[in-house]
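Remarks on the overall topology
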Amino acid sequence: GGGGVLVGGGGSKGGGGGYGGSWDNLGGQQQAQGSGEEVDTLACKAMGFGKEELEQFFQSLEGFVKFIHKTKNCFVKYASAHHADQALQASRSFGYEADFAKFSMY
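Residues numbered from 1 in each chain as written. Predicted model: local features only at pLDDT ≥ 70, side-chain atom pairs only at ≥ 80, totals over all residues. Heavy atoms only, no water.

**Here we look at the overall build of the protein chain**
This is how the line gets drawn: For helices the rule is a DSSP run of H or I covering at least 4 residues; for strands it is a run of E covering at least 2, with both sets numbered from the N terminus onward. Partly exposed describes any residue whose relative accessible area lies between the buried limit of under 20% and the exposed limit of over 50%, with all areas from a 1.4 Å probe on protein chains only and scaled to the type maximum. We call two residues in contact when some of their heavy atoms are within 4.5 Å. Residue burial considers only the protein chains on display, and all accessible areas are found by Shrake-Rupley using a 1.4 Å probe.
Helix and strand counts for the protein chain stand at 2 helices and 4 strands. N-terminal to C-terminal, the α/β element order of the protein chain is β-α-β-β-α-β. Considering the protein chain as a whole, with its 106 residues, one finds that 29% of them fall into the buried category. Put simply, of all contacts in the protein chain between residues at least 6 apart along the chain, 61% involve residues at least 24 apart. Total accessible area on the protein chain is roughly 7,200 Å²; 51% of this is exposed by carbon and sulfur atoms.

See the structure below:
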């Protein structure tokens, strides 16, 4: 089984004619608090899921760098904010409660 194709969001920014493109700006990447860098780390609620299950899932996604499991949450670092964004969409569609972390993991 498995092997399903994950559909990522559109990659192009802007477009549209002359109306400021406010709609394009709504779903963009969130920024780390207090810095201009894009976050490359996800935070995911771990309650109710096994550590191995979570780690295997996030490890299977493109750009995976590091996985840290805490009691209630896990943190997953990716090679770039773009990879983290793709992983976020995938994990949400898979049923995990994930979001960008407030900071990038080192």
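Next comes the rest of the write-up.
**Side note on the environment of Ile68**
Considering the arrangement of structural elements, one finds Ile68 in strand E2 (residues 64–69). Given a relative accessible area of 30%, Ile68 falls into the partly exposed group. With 25 residues separating them along the chain, Ile68 and Ala43 place their C-alpha atoms 9.6 Å apart.

**Thoughts on the pairing of E2**
Just so we agree on the cut-off: When DSSP finds two or more bridges between a pair of strands, those strands are recorded as paired.
Summarising the sheet, E2 and strand E3 (residues 73–78) pair through 5 bridges and their orientation is antiparallel. Residue pairing in the sheet places Phe67 in a bridge with Val76 of E3. Counting the residues that bridge the hairpin from E2 to E3 gives 3 residues.

**Digging into the side chain of Lys77**
Going by this rule: The term polar contact refers here to a pair of N or O atoms within 3.5 Å; inside protein, the definition further demands a hydrogen-donor-capable atom paired with an acceptor-capable atom, and it admits residues adjacent in sequence only when both atoms are side-chain atoms.
With respect to the secondary-structure elements, Lys77 resides in strand E3. Residue Lys77 is classed as buried on the basis of its relative accessible area, which comes to 14%. Of note is the side chain of Lys77, whose polar atom sits 2.7 Å from the backbone oxygen of Met105. For Lys77, the residues in contact, after removing those within four places along its chain, are Asp40, Thr41, Gly63, Phe64, Val65, Lys66 and Met105.

**Structural notes on the pattern of salt bridges**
Stated formally: Put simply, a salt bridge is a Lys or Arg side-chain nitrogen that is within 4 Å of an Asp or Glu carboxyl oxygen.
Under the definition given, this model contains 4 salt bridges. With a closest N to O distance of 2.8 Å, Lys77 and Asp40 form a salt bridge. Of this pair, Lys77 sits in strand E3 while Asp40 sits in the segment before strand E1 (41–45), placing them 37 residues apart in sequence. A residue is classified by how much of its surface remains accessible, and Asp40, at 12% relative accessible area, is buried. Here Lys51 ties to Glu55 by a salt bridge, and the two come within 3.3 Å at their closest N and O atoms.

**Remarks on the state of the cysteines**
Selection criterion: The disulfide criterion is simple: two cysteine sulfur atoms within 2.5 Å.
Under the criterion given, the structure shown has 0 disulfides. With no disulfide of its own, Cys74 lies closest to Cys44 among cysteine sulfurs, the gap being 4.3 Å.

**With respect to the nonpolar core**
As a reminder of what qualifies: By nonpolar core we mean a set of buried residues, namely Ala, Val, Leu, Ile, Met, Phe, Trp, Tyr and Cys, connected to one another through side-chain atoms within 4.5 Å.
Core analysis: the biggest nonpolar cluster contains 22 residues, and Leu42, Cys44, Leu54, Phe58, Leu61, Cys74 and Tyr78 have the highest contact counts within it. For this core, the secondary-structure elements that each account for two or more residues are E1, helix H1 (51–59), E3, helix H2 (81–94) and strand E4 (98–100). The contacts of Leu42, once residues within four sequence positions are left out, are Phe58, Cys74, Phe75, Val76, Tyr78, Ala84, Ala87, Leu88, Asp99, Phe100 and Ala101.

In short, shape yes, function no, at least from these values alone.
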